[in-house]
Amino acid sequence: MTSWLQSQFSLTGKKALVTGSSKGIGASIAVAMAQAGADLVLVGRSEDSLKSTHDVIEKLGKSVETLICDVQSRSEISAAFKDIDQLSVDIVVNNAGSISRAPAIDATMEEWDRIIDTNLNSVFQISQLCARRMLQKGHGRIINIASLLSFQGGINVPAYTASKHGVAGITKALANEWGSKGVNVNGISPGYISTDNTEALRNDADRSSSILARIPLGRWGNPEDLAAAAVFLASPAAAYINGELLTVDGGWMGR
Ligand SMILES: NC(=O)c1ccc[n+]([C@@H]2O[C@H](COP(=O)([O-])OP(=O)(O)OC[C@H]3O[C@@H](n4cnc5c(N)ncnc54)[C@H](OP(=O)(O)O)[C@@H]3O)[C@@H](O)[C@H]2O)c1
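Remember, predicted model here, so these are calculated numbers, not experimental data.

Caption draft 1: Spatial organisation of the environment of Ser180. Mapped onto the fold, Ser180 is located in the loop between α7 (158–178) and β6 (183–190). When the C-alpha positions of Ser180 and Gly138 are compared, they lie 9.1 Å apart, and in sequence the two are 42 residues distant.

Printed below as a string of structure tokens:
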């Protein structure tokens with residue numbers, strides 16, 4: 001028998017869409033949501049890239065569908081999401097993201113556009129496309145993967161910082177408009193997590209040791225450290241949480 005408390009953290013009967021679920025944080029969140037009982041829609045740039053996450057979720061006995069698009073492209077998103085109302089997703093995790101590292105004085109406008117399109121514009125477009133059905137149903141959860149650079153400036157990542165400040169802003173703006181209609185919008189701000197996104201930092205001995213020295217838990221995070229936080233925000237347990245950015249950073253922001 002399922003206790004009241006267990007049901008508060010269950011996603012059984014829900015359908016969750018996760019962008020950038022080929023690897024890293026997105027793959028971990030997608031698998032955790034399946035383990036919590038959800039069926040999945042994986043969004044990625046190719047069927048091949050999504051295959052390993054797809055296979056893990058299928059083995060868990062959950063239904064899994066895929067939508068293929070490059071989220072940098074507005075038209076590819078429109079085409080891939082054209083039947084999104086029929087999929088009727090309950091949970092959206094806007095996780096796909098990219099980073100560009102160069103001193104501000106050397107950064108190109110092409111890279112600026114790539115990062116803003118990928119990390120910020122796609123979040124608004126996908127949220128809007130999915131929210132139409134959620135608002136009709138009067139229920140939905142949107143979780144945007146923000147960053148510590150939603151609050152801080154960072155070093156040599158100006159476009160990324162601007163995009164993630166934007167993700168924090170759009171999270172609160174959508175929460176204000178859609179919360180009263182049953183759609184909660186929240187974000188997660190990961191700290192320094194061991195994925196391809198941070199490989200260059202971990203390969204830089206000086207940056208790596210100065211980052212580690214500031215993390216009170218004394219270790220980098222793993223994608224799994226984010227997964228349960230995302231399940232929580234998607235679950236009934238988080239029904240009264242809206243417009244919040246949950247920092248999961250081993251204590252970095254407290255220093
Ligand atoms: N790692 C950290 O320390 C950290 C900290 C704060 C925030 N974040 C955020 O967490 C999210 C996930 O990052 P991660 O660390 O898991 O990095 P990752 O391992 O590099 O994964 C990034 C994911 O996004 C997808 N993606 C990137 N550009 C895309 C595009 N144009 N179209 C479709 N999919 C695209 C990638 O797909 P492909 O397989 O096709 O490349 C991959 O699935 C990002 O939003 C990132 O900014 C990460």
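Caption draft 2: Representation of the site of the ligand in the model. Lining the immediate environment of the ligand, one finds 26 residues, of which Gly20, Gly24, Gly97, Thr195 and Asn197 sit closest. No other element matches the 3 residues that helix α2 (residues 24–35) contributes to the shell around the ligand.

Caption draft 3: Looking closely at the nonpolar core. Ranked by internal contacts, the top residues of the largest apolar core, which has 55 residues, are Ala16, Ile29, Ala30, Met33, Leu40 and Ala230. With residues near it in sequence (within four places) discarded, Ala30 still touches Val18, Ser21, Leu40, Leu42, Thr53 and Ile57. Ile115, Leu149, Ala159 and Tyr160 belong to the second largest nonpolar core, which has 6 residues in total.

Caption draft 4: Here's a closer look at the environment of Asp249. Inspection of the secondary structure assignment puts Asp249 in the segment after β7 (245–248). On the basis of neighbour counts, which here come to 22 C-beta atoms within 10 Å, the residue Asp249 falls in the buried class. Along the primary structure Asp249 and His54 are separated by 195 residues, whereas in three dimensions their C-alpha atoms are 28 Å apart. Every residue in contact with Asp249, bar those within four places of it in the chain, is listed here: Leu148, Ser189, Pro190 and Gly191.

Caption draft 5: Up close: unusual backbone geometry. Phi at Ser88 takes a positive value of approximately 50°, unusual for a residue other than glycine. Checked against the element boundaries, Ser88 lands in the loop between α5 (84–87) and β4 (91–94). Even without being a glycine, Asn156 presents a positive backbone phi close to 65°. Topologically, Asn156 is positioned in the loop between β5 (140–145) and α7. By the C-beta count within 10 Å, which is 16 here, Asn156 ends up partly exposed.

The rules behind the values
Residues numbered from 1 in each chain as written. Predicted model: local features only at pLDDT ≥ 70, side-chain atom pairs only at ≥ 80, totals over all residues. Helix = DSSP H or I, 4+ residues; strand = E, 2+ residues; numbered from the N terminus. Near = placed C-beta within 6 Å. Core = buried A, V, L, I, M, F, W, Y, C linked by C-beta atoms within 7 Å. Buried ≥ 20, exposed ≤ 12 C-beta atoms within 10 Å, placed from the backbone. Contact = placed C-beta atoms within 7 Å.

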